[in-house]
Amino acid sequence: MNVMTDNLHVGQIEKTSKQTGRRSLLKYAGLASIIFLAGCETVVPRGGERAPTPTPTPPPVTGALPSDTTHHRIALLVPLSGKNAGVGQSLANATTMALLDTKAGNIRMTNYDTAKGAAAAARKAVADGNKLIIGPLLSDNVVATANIARPAGVPILSFSNDAGVAGNNVFLLGHIPSQSINRVVSYAKSKGMSRFAALVPNGVYGQRASSTLLRSVKDVGGTVVSIQNFSRDSKSVEAATKKLSENGNFDAVLLADNGSMAIRAAPYIRQNASSTAKILGTDLWNTSSNLAGAPSMRGAWFASVSDGLYRQYASKYRTRYGRAPFRLSSLGYDSVLLTVKVAQNWKVGTPFPINQLTDSGGFIGLDGVFRFRRNGISERALEVQEIRSGSFSVIDPAPKSF
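Report follows, based on the coordinates. Quick caveat, the model's predicted, so the values are computed rather than measured.

**Notes on the overall build of the protein chain**
Next, step 1: Secondary structure assignment for the protein chain yields 10 helices and 16 strands.
Next, step 2: Put simply, the protein chain shows about 17,100 Å² of open surface, and 51% of that area lies on carbon and sulfur atoms.

Next comes the structure, spelled out in C-alpha cells:
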C-alpha cells in the first residue's frame, strides 16, 4: 500500500435545483462562520510565547453505549495507538473541537481504535448501535470496515483518499490527488501552456498521476510529450530528467511527488531538461513549508484546498491542546460539521439519511467548498498557489460554490 494514496503525507475532493443547492451551501457557510466566532475569548499565543495549559474538555464517549433515545450515535474509527496514533489522536481532537464549537447536544461520538483491528472496531461500533461511522484513515481499513458496516446499513465517511474504496455507502472526505492535477493543468493551459511533461514516482501513486495527467491534458487540448518514472534517489531522478526532453521541448512539467522530493528533483530538471518550463505540483505540496525556502522552486504552481479557515482552526487547536494539529485533522472537524447539518432533520434512532450527502450545492468546511458525487468521491473547490521567496501566494482563488 502506498501511503500517499491514503492521505499519509502527514509527516508528511434545472435552475430551481441549483438555487436550492446554493441556499444549502450558504446556510452551511453561515454555520461555519458562527463556529469561528464561538470561543473567540481564547487567547492565541504570539511569537515564541508558550501556550497556556489547555482547559480539559470531556472527550467523546468510549466503550459500550447505554440505551439512548435522545442522541444520534456516531462512531469515530481512527488509530489511537501504534505508529499512526499521532494523526489518529489529532483527528479525534478535531472532532471534539467541532462538537464543542457547534454545541451539538444531540450527537454522541464514540472512539474506536483501529490499530487493534479495523474489523473488530467496526463490529463493536455496529453492535453499540452507531448509525454512522466516521473514518477509518487507511484504505485497507476502509475495506475491512465496509465489510461489517454495509450489511448493517451503516454508511461510512472515511478520511482515505483512495478512490478505489469509494461507493456503496462509503464516502471519501480525503483530498483526491487527481483533482489537484486537473486543476493545475487547466490553469496552466489557460496561461498559454500546451506541451506537458511529467516526473512521477514508481508505484501506485505515480501510475495514477500519469493516468490523470494524460486525461487532463487531453481534455484541455494539450499534448503530453514525455512521462518519466523514477525511484526516490538522486541517481534515478537525474537519469529520468535527462530523458524528459527527448521528444521535444515542453512548457510545463508535473513533478508528482511530495515537497522534499520536488526540492531534490527541480535542480535536475533545470540542468538536464528545461531552464524555463513551469514546474507544476500536486496538493502534497500544501503540507511542505520548506518549499518556500527552496530557490529552485520559485515560480512553481500547485493546486490545493484553501488554508484560510484552516489557519484559524490551527490556532484554536494549539491553544486547546498545546501542539499543532496534523494538516488532515481538518477532515475530522469537517466530518462533524457535515453530520451536525444533516442531524438537523434526522430523527434519532433512524438510519442516517445518506441521500442528503449528495446535495448538488455542496457544503463548506475548513478546507472550503466540497460535495460528494454519487460514487462516494468528494469533489473539492481548489485554488492555485505559486511558490515565492519565503511564501506561497494564491494566484487563482478557489470557487466559492459549484
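Next, the rest of the story.
**A word on the sheet that holds strand β16 (residues 391-396)**
Next, step 1: Strand order in the open sheet made by the 7 strands is β8-β7-β9-β10-β11-β15-β16, with mixed pairing throughout. A strand with exactly one partner marks an edge of an open sheet, and here the two such strands are β8 (223-230) and β16. On average, each strand axis in the sheet is tilted by 25° relative to the strand beside it, whichever way the strands run.
Next, step 2: Across 7 bridges, strand β7 (residues 195-201) lies against β8 in parallel orientation. If you follow Phe196 over to β8, its bridge partner there is Val224.
Next, step 3: Relative to the sheet, helix α5 (residues 177-190) contacts β7, β9 (252-255), β10 (278-281), β11 (301-304), β15 (383-388) and β16, its axis offset from that of β11 by approximately 135°.
Next, step 4: Packing of helix α8 (residues 259-272) onto the sheet brings it into contact with β7, β8, β9 and β10, and relative to β9 it is tilted by some 150°.

**Considerations on the pattern of salt bridges**
Next, step 1: By the definition in use, this model includes 11 salt bridges.
Next, step 2: For Arg208, the salt bridge identified is with Asp162, shortest N-O distance 3.1 Å. Of this pair, Arg208 sits in helix α6 (residues 204-219) while Asp162 sits in the loop between β5 (156-158) and β6 (170-172), and the two are 46 residues apart along the sequence.
Next, step 3: For Arg208, a relative accessible area of 39% gives the class partly exposed.
Next, step 4: Of the charged contacts, one joins Glu379 and Arg373 as a salt bridge, the two residues approaching to 3.8 Å between their closest N and O atoms.

**Some details on the side chain of Gln228**
Next, step 1: Tracing the backbone through its elements, the reader meets Gln228 in strand β8.
Next, step 2: For Gln228, a relative accessible area of 17% gives the class buried.
Next, step 3: Side chain to side chain, Gln228 and Ser226 meet in a polar contact 3.1 Å long.
Next, step 4: When residues no more than four places from it in sequence are discounted, the contact partners of Gln228 are Ala198, Leu199, Val200, Ala240, Lys243 and Leu244.

**Quick word on the packing of aromatic side chains**
Next, step 1: Evaluation of the coordinates by the stated rule reveals 11 aromatic pairs.
Next, step 2: Ring plane angle 50° and centroid distance 4.8 Å describe the contact between Tyr317 and Tyr321, whose orientation is recorded as tilted. Highlighted residues: Tyr317 and Tyr321, both in helix α9 (residues 308-321), separated by 4 residues, approximately one helical turn.
Next, step 3: Aromatic pair Phe370 and Phe372: ring centres 5.9 Å apart, planes at 85°, arrangement edge-to-face.
Next, step 4: The buried category is assigned to Phe372, whose relative accessible area is 3%.
Next, step 5: Taken together, the ring pairs in this structure connect Tyr310, Tyr313, Tyr317, Tyr321 and Tyr333 into an aromatic cluster.
Next, step 6: A cation sits over an aromatic face here: Arg327 above Tyr310, 3.9 Å from the ring centre.

**Some thoughts on helix α7 (residues 234-243)**
Next, step 1: Listed in full, the buried residues belonging to α7 are Val237, Ala240 and Thr241. Down the axis of α7, the buried side of the element spans an arc of 100°, and every buried residue falls inside it.

Definitions and limits used
For every chain, the first residue of its written sequence is number 1, and the numbers climb from 1 along that sequence. Only residues with pLDDT of 70 or above have their local features reported here, since the model is predicted, and side-chain atom pairs are shown and tallied only from 80 upward, although totals for entire chains, interfaces and linings are computed over all residues. Calculated side-chain values reflect all of the structure's heavy atoms, with hydrogen atoms and water omitted. Helical segments are the DSSP runs of H or I of at least four residues, strand segments are the runs of E of at least two, and each set is numbered from the N terminus. Note on areas: Shrake-Rupley with a 1.4 Å probe; residue coverage comes only from the protein chains shown. Any two strands with at least two DSSP bridges between them are considered paired. Angles run from 0 to 180 degrees between N-to-C directions of axes, and those axes are lines fitted to C-alpha atoms, restricted for helices to the stretch in contact. Should any heavy atoms of two residues lie within 4.5 Å, those residues are counted as being in contact. The rule for a salt bridge is simple: a side-chain nitrogen of Lys or Arg has to be within 4 Å of a carboxyl oxygen of Asp or Glu. Classification of residues uses two cut-offs on accessible area relative to the type maximum, computed with a 1.4 Å probe and protein chains only: under 20% is buried, over 50% is exposed, and between them is partly exposed. The definition of a polar contact used here is a pair of N or O atoms within 3.5 Å, where within protein one atom must be able to donate a hydrogen and the other to accept one, and adjacent residues in sequence count solely through side-chain atom pairs. Ring pairs shown here join Phe, Tyr and Trp side chains whose ring centres sit within 6.5 Å, with only the six-membered ring taken for Trp; geometry is labelled stacked below 30 degrees between planes, edge-to-face above 60, and tilted in between. Throughout this description, the term charge over a ring refers to an Arg CZ or Lys NZ atom that lies within 6 Å of the ring centre and within 35 degrees of the ring normal. What the arc covers is the set of directions going from the helix axis to the C-beta atoms.

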